Amino acid sequence: MKILFYSQEFYPYEVPATKRVYGLAQHLIKLGHEVDVVCGFYGWKNFFKFFAKKVYQGINVYYYYAFPLYKKINLLRVLHHFSFLFSSQLHNFRFRRKYDVVITTTPPALVSFGGLWIAKFKRAKLIYDVRDIWPDVALEMNNMTKGSIMYKVFNYIANKMYQKADLVTAVSRLKVEKLQAKGIPKVRLISNGFDLEFKNQEIDHEIIDKYQLDQTFTIIYTGNIGLAQGLDSLIALAEIVKKNELIQFLLIGEGVEKTRLERLAADKGLTNVKFLGKLPGAAIYTFLKSAKLSYVALKNSNLQDSVPTKLFEALGVGCPVLLVASGEACRILDEATLGEHVKPEDFEALVATFYKIYNNYEVYQSRSSHSENYIEKHFSRKMIAKTLEKELIKL
C-alpha cells in the first residue's frame, strides 16, 4: 500500500505531530508499506527554499515552502499555514506518484484542505487524523467565543473535512465519543503512544553531572511551554518549596509562554527553577530516566479528552508523574500506577500531592516496571500502527 502523510511539521522540527507521524510511518514501513510525508519548511534559514526532498529513516519526505514562524502571533500563523497549504499542492504536479491513502493530520486546522486536495487529485482514500478537535478545544481553553468569526471559520473547515473524509481517526477515547456525538459515524481510535525505540538510547552522564540529577530531587517539564499547559502552577509550586535546596525544577522546551514564565520566576527570586530551552530527544531520555518526577499539566479541567504525549514518554521509561489534569489522562495514569493527579484548579491539592510523592518516593519508584510494561502493552506505536493498518485495509 502507498501511503502519504500530510503534516505541517516533520523532522527536524520536533513537536507531538512529528512524533506521531514519524512513529506510525516507521512501523507501517516495517509492515511492508511505502510511506511518504509532505510537510513544510521551518525557520528563517529556509526562507528562500521552496522545495526539497530527503529520505529520513526510510521515509520519502517532501518539503514545501512555509513562511517562517519566528513569533507565534496570529498574522504570522496564518501566513505560515496558508503558504504551506498552497505550496504543497505542487506535489500534485511535480511527482506522478500515486497513493492508496492520504492521511492529513490536524491541528493546524487551516491546512487540512491541503491533504483533501492531494487525495482528490491522486484519487486516494482520505483519512482525517484528529489530534485536537477544532474549534472545540479553543472554546475549552477560553481562547475563542462560539459566535466569533474565527469559530465559524474553523467549524466550517472541520465539518467539511468530516464530510469529505473516508475515515476519521482520533487519538483518545473521549475524542472518539465527542466526534460520534457530532453525528460522525466513521470514527476510529488510533491513539497517541510511545515509540519503544526511545528506550534504546544511552544515558548521558555529562547531563547528570551538569544538572546534579543524582544529587537532587529534580522535577522536569518537557515539551511546549504554551497556553494549553498552564505552567503558572509549576512556578507557584517551586516558590512553595524553594527553601529546600535539594529540590529543583527544570523546564525543557520552547513556546509562547516561556519568556513570561522566565520573568515570573526571576521576579520571585526562584533560583530552583531553570529553563533549558529546546533539547534533542537523546537528552530528554537522560532527563526522564534520571529525574525523580515528571510534571505534566493541562490548562484547565475542560480539556477532558486531551492526553499529552509527554505522559506516555514519562510512563514509558518509568519516570513517576505529577499530572495536573482531568479526564482520560488521569485514567491512563491510574492504570499505569506511576504517579498522582490533581485538578488544574486546585493548587492546595497540588502542593499536598507533591509532598505525598516526595515523602513516599520509594513506593512510586517501585512501580516503574509495571508502568513500562503497561505502556508497551497498550500504547506502543508498533501496536497502534497495526491497528491503523487494519483500518487502511478495510478502506
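Please refer to the structure higher up on the page.
Residues numbered from 1 in each chain as written. Predicted model: local features only at pLDDT ≥ 70, side-chain atom pairs only at ≥ 80, totals over all residues. Heavy atoms only, no water.

Caption draft 1: The pairing of strand β4 (residues 59-64), seen in detail. Burial within β4 is extensive, with five of its six residues counted as buried. Looking at chain direction, strand β2 (residues 34-40) and β4 are connected through five bridges and run parallel. Across the sheet, valine 38 pairs through a bridge with tyrosine 62, a residue of β4. Pairing analysis gives six bridges linking strand β3 (residues 51-56) to β4, with the strands arranged antiparallel. Each bridged residue has a counterpart across the sheet, and for lysine 54 the counterpart in β4 is valine 61. Connecting the antiparallel pair β3 and β4 is a turn made up of two residues, with glutamine 57 showing a positive phi of about 50 degrees. (Buried < 20%, exposed > 50% of the residue type's maximum accessible area, 1.4 Å probe, protein only. Helix = DSSP H or I, 4+ residues; strand = E, 2+ residues; numbered from the N terminus. Pairing = 2+ DSSP bridges.)

Caption draft 2: Representation of the environment of lysine 242 in the model. As for its position among the elements, lysine 242 is in the loop between α9 (232-240) and β10 (247-252). Through-space distance from the C-alpha of lysine 242 to that of valine 273 is 9.1 Å; in sequence the pair is 31 residues apart. Apart from residues lying up to four places away in sequence, lysine 242 is in contact with Lys268, Leu270 and Asn272. (Contact = heavy atoms within 4.5 Å.)

Caption draft 3: Quick look at the nonpolar core. One finds Phe287, Leu311, Leu315, Val321, Leu323 and Ile332 to be the most contacted residues of the largest nonpolar core, which totals 41 residues. Elements with a minimum of two residues in this core: α8 (205-210), β10, α11 (281-290), α12 (309-317), β13 (321-324), α13 (328-336) and α16 (368-379). When neighbours within four sequence positions are excluded, phenylalanine 287 is seen to be in contact with Ile207, Tyr211, Leu213, Ile220, Leu250, Ile252, Leu276 and Leu279. If you look at the next biggest cluster of nonpolar residues, it comprises 38 residues, including Val111, Phe113, Tyr128 and Tyr162. (Core = buried A, V, L, I, M, F, W, Y, C linked by side-chain atoms within 4.5 Å.)

Caption draft 4: Structural detail: the packing of aromatic side chains. Here the structure, examined in full by the defined rule, presents 33 aromatic pairs. Ring centres of phenylalanine 50 and tyrosine 65 lie 4.9 Å apart, and the angle between their planes is 25 degrees; on these two criteria the pair is classed as stacked. Of the two residues, phenylalanine 50 is situated in the loop between β2 and β3 and tyrosine 65 in the loop between β4 and α2 (74-87); the sequence distance between them amounts to 15 residues. By relative accessible area, which is 53% here, phenylalanine 50 ends up exposed. Aromatic pair phenylalanine 51 and tyrosine 64: ring centres 5.2 Å apart, planes at 50 degrees, arrangement tilted. Here tyrosine 64 lies in strand β4 and phenylalanine 51 lies in strand β3, a separation of 13 residues in the sequence. Under the relative-accessibility criterion, phenylalanine 51 is labelled partly exposed at 23%. Members of the aromatic cluster, connected to one another through ring pairs, are Trp44, Phe47, Phe48, Phe50, Tyr65 and Phe67. If you follow arginine 367 out to its NZ or CZ, it ends over the ring of tyrosine 364, 5.1 Å from the centre. (Phe/Tyr/Trp six-rings, centres within 6.5 Å; stacked < 30°, edge-to-face > 60°. Lys NZ or Arg CZ within 6 Å of the ring centre and 35° of its normal.)

The quantities given are spatial measurements derived from coordinates; they are silent on function.
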